[in-house]
Each structure stands twice: as C-alpha cells, then as structure tokens.
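The primary structure of each chain is shown beneath.
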2 protein chains.
Amino acid sequence: MVDWRTGIARESGRYLASLERTDIDPFAFADAWRMRYVPAMAAVIGGSRPFVVLDTLHREMLEDVLGAYEIDVAGVGEARLVDWVRAWHRLDPWSDAVEGLTRLKKRFPIVALSNGNVVLILDMARRAGLPWDAILGAEFSRAYKPDPRAYLATAQTLAVDPGELCLVAAHHSDLGGARKSGLRTAFVDRPSEYGGAPAPDASARQEWDWTASDLIDLALQLGC
Amino acid sequence: MVDWRTGIARESGRYLASLERTDIDPFAFADAWRMRYVPAMAAVIGGSRPFVVLDTLHREMLEDVLGAYEIDVAGVGEARLVDWVRAWHRLDPWSDAVEGLTRLKKRFPIVALSNGNVVLILDMARRAGLPWDAILGAEFSRAYKPDPRAYLATAQTLAVDPGELCLVAAHHSDLGGARKSGLRTAFVDRPSEYGGAPAPDASARQEWDWTASDLIDLALQLGC
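Residues numbered from 1 in each chain as written. Chains lettered and ligands numbered in written order. Predicted model: local features only at pLDDT ≥ 70, side-chain atom pairs only at ≥ 80, totals over all residues.

Here we look at the overall build of chain A
For the record, the criterion: Each helix is a run of H or I in the DSSP string that is no shorter than four residues. Each strand is a run of E no shorter than two, and both are numbered from the N terminus. We compute the radius of gyration over the C-alpha atoms and compare it with the globule rule, which gives 2.2 Å times the number of residues raised to the power 0.38. With C-beta atoms placed from the backbone, a contact is any residue pair whose C-beta atoms sit within 7 Å.
Across its full length, chain A holds 12 helices and 5 strands. Compactness check: chain A gives a C-alpha radius of gyration of 18 Å against a globular reference of 17 Å for 224 residues, within 12% of the reference. Judged by the C-alpha coordinates and their principal axes, chain A covers about 50 × 40 × 35 Å. The contacts of chain A with a sequence gap of at least 6 include a subset with a gap of at least 24, amounting to 57%.

What follows is the structure in structure tokens.
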C-alpha cells in the first residue's frame with residue numbers, strides 16, 4: 001500500500017540532519033532499519049518472546065541501527081526517538097493505492113492484514129486516505145505473518161472459511177504463508193519497493209491466483 | 001449508531017411469519033431478545049466463562065427466546081437460525097449517524113468501541129455507510145463493557161492516555177464504565193431506542209462531559 005523506503009529515508013534524513021550526520025545516506029539508513037524487520041519478528045514467531053507490537057520492534061530496531069552508525073541513543077533524546085519511530089505511521093501510498101482500494105471496496109470488504117499495529121495502520125490510513133473497512137492483523141491475532149495463526153485468526157474473525165479470504169500483498173513470503181493456510185492469493189508488483197534492487201524474497205515466487213501490476217489492475221481483474 | 005429495535009422487529013417479523021407465528025408481536029420479540037443481553041454477558045464479565053463473541057451470545061439468546069415462545073429450535077433449522085442471528089448485522093443507522101460520524105472523522109479518529117464483534121460491526125458499517133477508522137471493542141479486548149479492560153485496552157491500542165479518549169454512547173451504564181476508567185464521556189440521546197419506554201439504565205445518569213441531542217449536534221459542539 002505504501003512506499004516505506006522513500007518515506008523512511010525522507011524522515012530519517014531530517015532527523016540525521018538535526019544530529020549533524022548528513023554524511024549518512026538516508027536511503028542506506030532506511031534499508032538498514034528495514035533489514036532488521038524479519039530478524040526482529042523471529043523471536044515472536046518462534047515463540048521465545050511474547051507478542052509485542054511493531055512500534056516496539058521498530059523502536060528496538062532503530063536503536064540498533066543508530067548504534068551501528070555510532071550515534072549515541074541517549075543523545076538523540078526520548079521525544080525525537082518516539083517521533084522517529086512514528087515515521088512508519090506517516091508513509092505515502094503508492095499512487096494507485098487509494099483508487100484501487102476504493103474500487104475493491106465497492107464489491108468486497110477490504111481489511112488490513114498487516115504486521116503493523118492498529119494505531120500505525122490507522123494513522124497511515126487517515127493521512128493517506130486508505131479506506132479500510134477494518135484493521136485486523138498482527139496486534140489482533142497476537143501473531144506475526146507468516147505465522148499461520150495470523151491468517152487463520154483473520155478468517156475466523158471475519159466468519160469466513162480461509163478459502164473465502166484473499167491476501168493481497170507485494171511480498172512472496174507473505175503470500176506463501178497465506179497459501180499454506182488455505183487463503184487465496186493476489187500478488188501486486190512493487191518493482192521500486194527496494195529502490196530498484198531485487199526483492200529479498202524473490203526466490204519465494206510462485207504462481208499466485210492473481211498477479212497484478214498495481215491495485216487498480218487487480219480491481220479491474222476482479223470486475224470492480 | 002443504529003436503531004436495533006426497529007431492525008430486529010422487522011427481521012423477526014419476517015422469520016416469525018415464515019414459522020406461522022404471526023400471533024407474536026415482533027417488537028415484543030425484539031425486546032425479549034435484547035432483555036437477555038446483559039445477563040448473557042454477565043458470566044463473561046464475571047470471569048466464570050471464557051470470552052465468546054456477541055454473535056455466539058446472540059445465538060444462545062435467540063434459542064432462549066424461541067423456547068420462551070414455545071417454538072421448537074430444531075424446527076427452525078440451522079440456516080434460518082444463522083441468518084436470524086445475522087439480523088444484528090443489518091440494522092439501520094439513526095438518521096444523523098452517517099453525517100455525524102463523517103463530521104467527527106474530519107477532526108478526530110473515530111473508532112467503534114462496541115460489544116459487537118468485528119464482523120457484526122463491519123457488516124453493519126458497510127451496509128449503513130458508517131465510516132469507522134477502525135473497529136476495536138469486545139472482540140479485540142476479549143472483554144465486554146462495562147469491564148474496565150474493554151476501555152483501557154482500547155486506549156492502549158490507540159497509544160493514548162485514557163483521558164485522551166472519549167466514549168460516545170447512548171447508554172449511561174456504558175458511560176459510567178468509561179468514566180471509571182478515566183475516559184471522557186459524551187452522551188447522545190436516543191429517546192425512541194426502547195420504543196418510547198424508559199431506558200433500563202436511566203438511574204445511572206450522571207453529568208457527562210458532553211450531552212447531545214444527536215451525533216450532528218455533538219460534532220457541532222466539538223467544532224466539527
């Protein structure tokens with residue numbers, strides 16, 4: 001739905017400038033932050049850590065990145081750290097996202113099944129105009145995708161069989177988890193998600209039930 | 001937000017006619033169903049029963065009402081029972097609800113904090129056009145209002161202090177629970193909710209932070 005890399009680089013560039021660290025490439029900083037996402041969730045998915053929301057993981061990941069750049073976390077200050085983590089609430093949508101979701105919503109309930117916590121998705125939706133019918137996902141199921149519980153709890157909450165639910169996503173690893181849980185799958189290509197670099201989960205590609213160039217294309221394929 | 005009594009009477013009248021029980025007043029049937037709501041939640045609130053969603057309680061309450069009218073539940077049939085319970089998903093909004101919420105949404109995030117489960121509120125919202133930013137409430141917190149956990153979990157999920165959250169409700173008992181948990185309170189009068197009969201929680205009336213004749217009035221009082 002959103003271009004996290006451009007948004008996180010833009011905001012991080014501002015904070016890095018306020019710390020007089022304009023020597024750091026904001027896009028490299030954004031990539032370093034994001035690279036810690038899958039490892040950060042691993043302990044929760046593996047069961048060795050109780051569920052915590054993504055805002056909490058984003059904070060820990062940020063402190064880790066700052067350390068890697070030899071930036072003193074205490075010197076950043078609590079207010080700036082909190083606001084920096086909130087950059088994930090202020091991402092811009094891909095240009096087709098609002099129109100695509102609005103079209104899909106006419107025919108289907110559209111529900112956010114994100115690893116982001118509710119207030120993250122809510123802030124993002126209000127800012128970007130994403131017209132979700134409901135926000136479910138990790139905080140609701142207390143499980144991170146691709147843990148099967150994240151997909152199955154969503155189907156149960158919506159009172160549908162898993163096969164009546166379709167995950168729409170840009171990530172093959174996520175779609176693979178959905179398919180293993182019996183959901184239908186729709187891939188939406190985001191070729192510039194990683195700034196033109198190959199997606200880290202490219203090897204998880206399969207033939208999905210639908211493949212679309214963007215959300216408007218998907219809506220048209222589904223007769224919306 | 002919705003006129004449950006008219007909606008449940010309308011739908012129940014249809015089902016009762018299909019069972020050749022036109023002798024039963026549909027409004028009396030709706031009142032009998034609703035009367036079982038607080039007792040049905042009591043075991044969950046009291047801790048003697050694990051949390052179950054309101055659709056499940058509505059089903060049990062319906063079977064109990066049918067028994068009270070000497071209607072054989074098995075004779076009603078599973079498909080009709082399921083659909084009858086879903087009548088609670090198909091309630092009409094009060095005439096000011098959509099405009100009032102739309103006005104409030106421009107300035108504030110508007111979140112459903114209902115005892116209804118997610119799919120109930122979602123179906124209702126899609127049918128009625130209620131523009132929720134998110135659906136929280138009992139299924140999310142695994143607690144029924146006025147259990148303090150229902151209010152406090154909502155504040156925590158929205159990452160605000162309880163005093164930054166305002167419960168908007170037509171029920172004094174609900175607002176009393178919110179106030180005990182530190183929320184702000186806004187009462188919206190629904191004088192015809194019980195068909196002109198006095199509200200069963202009238203004795204729980206207090207001076208609330210805001211009192212409004214409808215949701216548009218509340219929006220105007222809040223500068224929306």
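Next comes the rest of the description.
What to know about the interface of chain A and chain B
Interfaces are often described in size by the accessible area the parts lose on coming together. Stated precisely, the cut-off is as follows: Asp, Glu, Lys and Arg are counted as charged, while Ala, Val, Leu, Ile, Met, Phe, Trp, Tyr, Cys and Pro are counted as nonpolar; the rest, among them Gly, fall into the polar class.
Counting residues at the interface gives 14 residues for chain A and 14 residues for chain B. The element contributing the most residues to the side of chain A that touches chain B is helix H8 (residues 118–128) of chain A, with 5 residues. Along the lines of polarity and charge, the residues of the side of chain A that touches chain B split into 10 nonpolar, 1 polar and 3 charged.

Quick notes on the relation of the copies chain A and chain B
Filter applied, for reference: Least-squares superposition aligns the copies on the C-alpha atoms of those residues with pLDDT at or above 70 in both.
Superposition record for chain A on chain B: RMSD 0.0 Å, screw rotation 180°, translation along axis 0.0 Å. Put plainly, the chains are arranged around a two-fold axis. The position closest to the rotation axis in chain A is occupied by the C-alpha of Ala134(A), lying 2.7 Å away. Looking at chain A, 100% of its interface residues are interface residues in chain B too, so the copies touch through the same face.

Looking at the domain arrangement of chain A
All names here are of chain A. As a reminder of what qualifies: Domain start and stop points were drawn from an automatic or database domain assignment.
Annotation of chain A at the domain level lists domain 1 (4–89) and domain 2 (97–221). Summarising the inter-unit geometry, the C-alpha centres of domain 1 and domain 2 are found 24 Å apart. Looking at the side of domain 1 that touches domain 2, the elements that each hand over two or more residues are helix H3 (37–46) and helix H4 (54–68). Looking at the side of domain 1 that touches domain 2, the element that brings in the most residues is H3, giving 3 residues. Taken together, the residues of the side of domain 1 that touches domain 2 break down into 8 nonpolar, 1 polar and 2 charged.

Section: the sheet that holds strand S4 (residues 184–188) of chain B
Residues and elements named next belong to chain B. Let me state the cut-off plainly: At least two DSSP bridges between two strands are needed for those strands to be called paired. The convention used is that axes are lines fitted to C-alpha atoms, helices contributing only their stretch in contact, and that angles between N-to-C directions extend from 0 to 180 degrees.
With parallel pairing, the 3 strands of this open sheet are ordered in space as S3-S4-S5. The open sheet is flanked by strand S3 (166–169) and strand S5 (210–212), the only strands paired with a single partner. For this sheet, the mean inter-axis angle between neighbouring strands, taken without regard to orientation, is 15°. Bridge count for S3 against S4 is 4 bridges, and the pairing is parallel. Within S4, the position partnered with Ala-169 by the bridge is Phe-187. Its contacts with the sheet put helix H11 (residues 172–180) on S3 and S4, and the angle it makes with S3 is roughly 175°.

Here's the deal with unusual backbone geometry
Residue and element names in this part refer to chain A. As a reminder, the rule being used: Remark: C-beta atoms are placed from the backbone, and a residue is labelled buried if 20 or more other C-beta atoms sit within 10 Å of its own, exposed if 12 or fewer do, or partly exposed between those counts.
Residue Pro-146 follows Lys-145 across a cis peptide bond; omega there is 10°. Positionally, Pro-146 belongs in the loop between helix H9 (138–141) and helix H10 (148–157). Here the phi dihedral of Ala-159 falls at roughly 60°; this positive angle occurs in a residue that is not glycine. Inspection of the secondary structure puts Ala-159 in the loop between H10 and strand S3 (166–169). Look at Ala-159 and you get partly exposed, because 18 C-beta atoms sit within 10 Å.

Description of the environment of Gly46(B)
Relative to the helices and strands, Gly46(B) is located in helix H3 (residues 37–46). Spatially, the C-alpha atoms of Gly46(B) and Thr102(B) are 36 Å apart, while their sequence positions differ by 56 residues.

Some details on helix H7 (residues 97–107) of chain B
Residues lying three or four places apart along an α-helix face the same way, a consequence of the helix completing one turn every 3.6 residues. Residue and element names in this part refer to chain B. For clarity, the cut-off: By arc we mean the arc of the directions from the helix axis to the C-beta atoms, nothing more.
Taken residue by residue, H7 has Ala-97, Gly-100, Leu-101, Arg-103 and Leu-104 as its buried positions. The buried residues of H7 occupy an angular sector of 160° when the element is viewed end-on, so they sit on one face. Contact partners of the buried residues in H7: helix H12 (215–221).

Considerations on the sheet that holds strand S4 (residues 184–188) of chain A
Residues and elements named next belong to chain A. Spatially, S3-S4-S5 is the arrangement adopted by the 3 strands of the open sheet, whose pairing is parallel. The sheet terminates laterally at S3 and strand S5 (210–212), the two strands that pair on one side only. Averaged over neighbouring strand pairs, the angle between their axes works out to 15° when direction is ignored. The strands touched by helix H11 (residues 172–180) are S3 and S4; relative to S3, the strand with the most contacts, the crossing angle is about 175°.

Digging into the confidence of the model for chain A
The condition that has to hold: Values of pLDDT, the confidence the predictor places in each residue, fall between 0 and 100.
For chain A, per-residue confidence averages 97 on the pLDDT scale, and 100% of positions sit at 70 or higher. Model confidence for the complex: the whole-complex pTM is 0.96, and ipTM, which rates the interface, is 0.95.

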